[in-house]
Amino acid sequence: MKYISATLLMTVLLLTSCFKDEAKNAECDILSVWVEGDDYKDCFYQPETDMRQDNVLASNSHIVFNVKSLLSLPDIPLQFTLTPGATIEPANGTAQNFRNGPVTYKVTSEDGAWTRTYTVEFREADMPKLEFDFENYEITDGNMLFFSYKYYSWFEYDRSGNKRNVWATGNQGFGMGNSNLSPDEHPTVPIADGYEGNCVRMRTLSAGPLAEAMKKYMAAGNLFIGAFDVNKALSSALESTLMGKDFAFPANPLRVTGYYKYTPGAEYRNGENKVVPGKTDEADIYAVLYRNKDKDGNAVVLDGGNVLTSEYVVSKARVKSLPPTDTWQPFEMFFEEIKPIDDELLGQFGYNLALVFSSSKDGALFCGAIGSTLYIDKVEISLEKNDGEEEKQQ
């Protein structure tokens, strides 16, 4: 009996010794990583799948999340599942700034003997884009009534190298009553000191004696995708701006980005040319996608009076604010779908796209501040990702 008890005692001692000497885990891997919380869903196109990555491969030390935008991305607190006993630095759930590039994480094994480094990157989804750098401009001759004048206009090249008059301004209308002014004295002009290369400068100016006689006291600098009908410049200013050109899109427009500088003028004046105390002028940037034919197949062209309200509008975007700045700053705006977009029509020039810049938000109503100045450069319209090639301006 004593012999059996001694044997049992030895067995217990041996097992205890084994438990005490069991090696700690030497693995230091990230098994899964995810963004937790409804507050971050709007950062992703497909939050159900894009907000987490399970089963991270042991060979993968660079983890990528695709997001809508880096510019507006908040600090993100990532959650990690690690191999048992491992720790991570920065700590699990610590908010990090991913806007300026990948963040490095260090995982240490339970036994402290091993470490592994990971980089986690948030990247804007790879999308085709329409890109505008405003390097293509020329001086154009204007001739209306008994006025002859010159003004700047902008254009783009299509894939075949043909010039296409995509852009329009109010310069043509301004020149009618100010034929003694040079092209550089018009509201919208090219400037060499852009974000990269040349840019466009838009200024709100006094409209000149002819327009003022018709109680149209100021002319906002503007640039827009569309055309300008000079015949309506004095009689119906809103109808003179024909908004939009037809494009063949491979996918839905999603976002507009670019760079700007803005300085508001000193005194905001209403349509009667009276100072409005306490009111500060604002710049404006917006985009609209609309059907360019009605149900009977007739052409539809929207103008400055109905481009934001027409029943034919299917999607639009508008910058919420453009704070004054004398240094180049990025801007972005996202399209909001108002009506279903027909994919077939989208690729067959069935929609017009308008993109509008103005130095005075109420400039179309001849309200604003003389001297308000908006610069824009490096504008891109991002399209939804698809399997086709990137679409350039037509």
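J.: Hey, could you run me through the nonpolar core in this one?
T.: Soluble, globular proteins show a tendency: their nonpolar side chains are buried together. Core analysis: the largest hydrophobic core is formed by 43 residues, its most contacted members being Trp-167, Leu-355, Phe-357 and Ile-376. Here the element with the most residues in this core is strand S31 (residues 373–383); it accounts for five residues. Excluding anything up to four places from it in sequence, Leu-355 contacts Trp-167, Leu-223, Phe-224, Ile-225, Val-256, Tyr-286, Ala-287, Met-333, Val-379 and Ile-381. The next biggest cluster of nonpolar side chains, apart from the first, holds 26 residues, and it includes Val-35, Met-51, Leu-73 and Tyr-118.

J.: Can you walk me through the pattern of salt bridges in this structure?
T.: Where side chains of opposite charge bring their charged atoms close, a pairing between them can arise. Following the criterion strictly, the structure yields 15 salt bridges and no others. For Asp-38, the salt bridge identified is with Lys-41, shortest N-O distance 3.2 Å. For Asp-38, a relative accessible area of 59% puts it in the exposed group. A salt bridge links Glu-332 to Arg-255; the shortest N-O distance between them is 3.5 Å. Pair noted here: Glu-332 is in strand S27 (residues 325–334) and Arg-255 is in strand S22 (residues 253–263), with a separation of 77 residues, a long-range link.

J.: Just to check I follow, could you spell out the sheet that holds strand S7 (residues 103–108) for this structure?
T.: Pairing within the open sheet is mixed, and its four strands lie in the order S3-S8-S7-S5. The sheet is open, and its two borders are formed by strand S3 (62–67) and strand S5 (87–89), each paired with just one other strand. Put simply, the sheet's adjacent strands are angled 25° from each other on average, direction ignored.

J.: How do you make sense of the confidence of the model for the protein chain when you look at a structure like this?
T.: Do not read the fine detail of predicted coordinates wherever pLDDT is low. On average, the protein chain scores 88 in pLDDT, and the residues at 70 or more come to 90%. Low pLDDT, under 50, characterises residues 387–394; the predicted model gives this stretch 28 contacts beyond four residues in sequence or across chains.

J.: Would you mind going over the packing of aromatic side chains with me for this structure?
T.: The geometry of an aromatic ring pair is captured by two quantities: the separation of the ring centres and the angle between the planes. Overall, the coordinates contain 15 aromatic pairs when judged by the stated rule. For the pair Tyr-137 and Trp-154, a centre-to-centre distance of 6.3 Å together with 45° between the ring planes defines the contact as tilted. On the criterion of sequence distance, the pair formed by Tyr-137 in strand S10 (residues 137–144) and Trp-154 in strand S11 (residues 147–154) is long-range, its members being 17 residues apart. On the basis of relative accessibility, which here comes to 31%, the residue Tyr-137 falls in the partly exposed class. By relative accessible area, which is 2% here, Trp-154 ends up buried. An aromatic cluster is built from Phe-132, Phe-134, Trp-167 and Phe-357, whose rings are joined through pairwise contacts. In this structure, Lys-163 packs its charged tip against the face of Phe-155, placed 4.9 Å from the ring centre. Note that Lys-279 overlies the ring of Tyr-268, its terminal NZ or CZ placed 4.9 Å from the centroid.

Reading guide: rules and limits
- Residues numbered from 1 in each chain as written.
- Predicted model: local features only at pLDDT ≥ 70, side-chain atom pairs only at ≥ 80, totals over all residues.
- Heavy atoms only, no water.
- Core = buried A, V, L, I, M, F, W, Y, C linked by side-chain atoms within 4.5 Å.
- Buried < 20%, exposed > 50% of the residue type's maximum accessible area, 1.4 Å probe, protein only.
- Helix = DSSP H or I, 4+ residues; strand = E, 2+ residues; numbered from the N terminus.
- Contact = heavy atoms within 4.5 Å.
- Salt bridge = Lys/Arg side-chain N within 4 Å of Asp/Glu carboxyl O.
- Pairing = 2+ DSSP bridges.
- Axes fitted to C-alpha atoms, helices over the stretch in contact; angles between N-to-C directions.
- pLDDT = per-residue confidence, 0-100.
- Phe/Tyr/Trp six-rings, centres within 6.5 Å; stacked < 30°, edge-to-face > 60°.
- Lys NZ or Arg CZ within 6 Å of the ring centre and 35° of its normal.

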